[in-house]
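Examination of the molecular architecture
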Amino acid sequence: VPDHWLPDQLARAWPPEQWQDVTVLIAISGGADSVGLLRVLATLKRTGTGQLQAAHFNHNLRGSESDADEAFVVDLCKQWGIPCRTGRATRSLKDYSAGEGLESAARQARYDFLRQAAADAGARYLATGHTADDQVETILHHVLRGTGIAGLAGMARCRPLGEATTLIRPLLSVRRAQVIEYLATLRQPFRDDSSNAETRFTRNRLRHELLPLLAEQFNPEIDEALLRLGGLAGEVQSIIDGLVEELVGDAETPVADRRIIDAAEVAGKPPYLVRELLIRLWRDQGWPRQSMGYAEWDELADMLLRGRSAKKMFPGGVLVERVEDRLVLRRECRESPGNEANT
């Protein structure tokens with residue numbers, strides 16, 4: 001393997017000693033970022049009793065191109081002796097995207113598959129190939145959509161994915177161009193998703209239109225400015241998370257498929273902290289948040305703090321009802337994109 005600084009940088013950021021003896025599941029699309037992650041981890045995995053595995057989800061959105069991506073990933077994993085789990089949407093995601101948007105539906109289906117694949121593999125970590133470029137786009141998207149401190153912090157480097165699995169983004173401080181440079185030194189091909197150029201998708205418009213415009217006309221260092229903002233927001237959010245953790249323990253009761261919040265326990269608390277509590281519960285349940293903006297979170301906090309009897313369906317099919325001194329949240333049963341997994 002040619003010498004390159006990227007494996008050394010990742011080894012410092014995520015020392016192999018932390019994952020050599022456990023199963024790491026790599027989410028791989030076939031694109032440069034995830035292929036680069038696989039090659040780096042395969043290079044670093046020299047000892048230990050753990051195993052590297054891979055998982056690929058075929059969204060079934062681009063016909064033969066999607067199938068070719070899957071075939072490329074399966075072949076690459078065979079070359080490196082890495083077991084690969086594959087899954088695909090059993091029907092077109094377009095059939096499910098009316099309420100959430102295609103991007104949101106695709107992301108939800110992919111993470112549903114990855115969560116199950118990680119559980120099936122007994123994976124301690126699920127590693128994704130998100131880079132600093134993805135972080136820039138995420139922070140800007142959150143700003144435009146309307147966000148709190150957590151949204152300004154962007155994607156967390158790691159977060160719980162399930163009871164036994166942590167999602168980790170080892171390349172989050174690395175630029176995409178650096179990953180492509182690394183693959184070039186290895187002469188390692190990767191797949192280029194044609195849909196990444198389609199500006200009908202919000203993230204692609206940010207990448208190809210808005211960010212270049214901001215860099216040209218307002219701040220040539222816009223990427224670094226957004227990353228710096230995200231880092232500072234993350235420090236503030238860590239303090240808020242500690243306060244929310246205490247509040248969750250006092251105010252919230254999980255019951256089967258619903259969450260119940262005791263209004264008396266949040267009385268007198270700052271509205272911001274109450275909104276963060278609701279966001280935390282929403283995230284813990286895995287309910288979609290893409291369509292939840294400030295107005296929706298504020299309305300939820302109002303139902304809880306002001307004792308207004310109400311019953312309302314929120315985005316993602318989450319029914320919220322004020323019942324006496326409690327707020328009851330549950331996601332109504334609805335069909336979701338199915339997927340089939342195999343090893």
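A brief structural summary. (Residues numbered from 1 in each chain as written. Predicted model: local features only at pLDDT ≥ 70, side-chain atom pairs only at ≥ 80, totals over all residues. Heavy atoms only, no water.)

Looking at the overall build of the chain
Within the chain, the secondary structure is distributed over twelve helices and twelve strands. Computed over the C-alpha atoms, the radius of gyration of the chain is 21 Å, within 12% of the 20 Å expected from 2.2 N^0.38 for a compact globule of 343 residues. If you line up the chain on its principal axes, its C-alpha atoms span 65 × 50 × 40 Å. Per-residue burial over the chain gives 47% buried out of 343 residues. When the 43 positive and 49 negative side-chain charges of the chain are each reduced to one mean point, those points stand 2 Å apart. (Helix = DSSP H or I, 4+ residues; strand = E, 2+ residues; numbered from the N terminus. Rg over C-alpha atoms; globule rule 2.2 N^0.38 Å. Buried < 20%, exposed > 50% of the residue type's maximum accessible area, 1.4 Å probe, protein only. Lys, Arg positive; Asp, Glu negative; His and termini not counted. Charge placed at Lys NZ, Arg CZ, Asp CG, Glu CD.)

Remarks on helix H8 (residues 202-217)
Taking 1.5 Å of rise per residue, the 16 residues of H8 would be expected to cover 22 Å, and the 21 Å separating its terminal C-alpha atoms lies within 8% of that figure. Leu210 marks the point of greatest bend in H8, at about 35 degrees, and the proline Pro212 comes within the next four residues. Those residues of H8 lying buried are Asn204, Leu206, Leu211 and Leu214. Residues of H8 that are buried sit in contact with helix H5 (132-145) and helix H9 (222-251). (Expected span 1.5 Å × (residues − 1). Bend = angle between axes of the 7 residues up to and from the residue. Contact = heavy atoms within 4.5 Å.)

A look at the sheet that holds strand E7 (residues 252-255)
Pairing in this open sheet of five strands is antiparallel, and the strands run E7-E8-E11-E10-E9 from one edge to the other. Every other strand in the sheet has two partners, leaving E7 and strand E9 (311-314) as the edge strands with one partner each. Taken over all neighbouring pairs, the strand axes of this sheet differ in orientation by 20 degrees on average, direction set aside. As judged from the five bridges shared by strand E8 (residues 258-262) and strand E11 (residues 326-331), these two strands associate in the antiparallel manner. Within the sheet, the bridge partner assigned to Ile261 lies in E11 and is Leu327. Along the sheet face, helix H11 (residues 271-285) touches E7, E8, E9, strand E10 (318-323) and E11 and points at about 160 degrees away from the line of E8. (Pairing = 2+ DSSP bridges. Axes fitted to C-alpha atoms, helices over the stretch in contact; angles between N-to-C directions.)

Digging into the pairing of strand E1 (residues 24-27)
What you see with E1 is no split at all: Val24 and Ile26 on one side and Leu25 and Ala27 on the other are buried throughout. As judged from the four bridges shared by E1 and strand E2 (residues 52-58), these two strands associate in the parallel manner. Residue Leu25 lies in a different strand from E2, and its bridge partner there is Gln53. Handedness of the crossover joining E1 and E2 through helix H2 (residues 32-44) is recorded here as right-handed. With three bridges connecting them, E1 and strand E4 (residues 125-127) associate as parallel partners. Bridge pairing in E4 links Leu25 to Leu126. (Right-handed = clockwise from strand over helix to strand, strands pointing away.)

Re a positive patch on the surface
A cluster of basic residues, Arg107, Arg145, Arg283 and Arg289, forms a positive patch at the surface. Mapped onto the elements, Arg289 comes out in the loop between H11 and helix H12 (294-305). (Patch = residues over 30% accessible without salt bridge, like charges linked within 9 Å, V, L, I, M, F, W, Y side chains within 5 Å. Areas by Shrake-Rupley, 256 points an atom, 1.4 Å probe, with all protein chains shown as cover. Salt bridge = Lys/Arg side-chain N within 4 Å of Asp/Glu carboxyl O.)

Comments concerning the packing of H11 against H12
It is at 9 Å that the axes of H11 and H12 come closest, and there the two elements cross at 105 degrees. The angle between H11 and H12 places the two elements in the roughly perpendicular class. Where H11 abuts H12, its residues Pro271, Val274, Arg275, Leu278, Ile279 and Trp282 lie against Tyr294, Trp297, Asp298, Leu300, Ala301, Leu304 and Leu305. Of the residues that constitute the contact of H11 with H12, the class distribution is eleven nonpolar, no polar and two charged. (Parallel < 35°, antiparallel > 145°, perpendicular 65-115°, else oblique. Nonpolar A, V, L, I, M, F, W, Y, C, P; charged D, E, K, R; others polar.)

So, the packing of aromatic side chains
With the rule as written, the count across this model stands at six aromatic pairs. Look at Trp282 and Trp297: their rings are 5.2 Å apart centre to centre, the planes differ by 85 degrees, and that puts the pair in the edge-to-face class. In this pair, Trp282 is assigned in helix H11 and Trp297 in helix H12, connecting sequence segments 15 residues apart. Here Trp282 matches Trp297 in class, with each residue buried. Put simply, the rings of Trp282, Trp287, Trp297 and Phe314 touch in pairs and so form one group of aromatic residues. For Arg110, the ring lying beneath its charged end belongs to Tyr111, and the centroid distance is 5.6 Å. In this arrangement the basic side chain of Lys312 is found over the ring face of Phe314, its NZ or CZ atom lying 5.3 Å from the centre. (Phe/Tyr/Trp six-rings, centres within 6.5 Å; stacked < 30°, edge-to-face > 60°. Lys NZ or Arg CZ within 6 Å of the ring centre and 35° of its normal.)

A closer look at the packing of H5 against H9
Packing of H5 against H9 leaves a shortest axis separation of 9 Å and a crossing angle of 75 degrees. On the basis of their axis angle, the class for H5 and H9 is roughly perpendicular. Contacts between H5 and H9 involve Ala132, Gln135, Val136, Ile139 and Leu140 from the former and Asp223, Leu226, Leu227 and Gly230 from the latter. Looking at side-chain class alone, the contact of H5 with H9 contains six nonpolar, two polar and one charged residues.

Observations concerning the environment of Ala123
Position of Ala123 among the secondary structure elements: in the loop between helix H4 (102-121) and E4. Under the relative-accessibility criterion, Ala123 is labelled buried at 2%. In the structure, Ala123 is positioned 41 residues away from Ala164 in sequence and 7.6 Å away in space, judged by C-alpha atoms. Beyond its immediate stretch of four places on either side in the chain, Ala123 contacts Thr23, Leu25, Ala118, Ala164 and Thr165.

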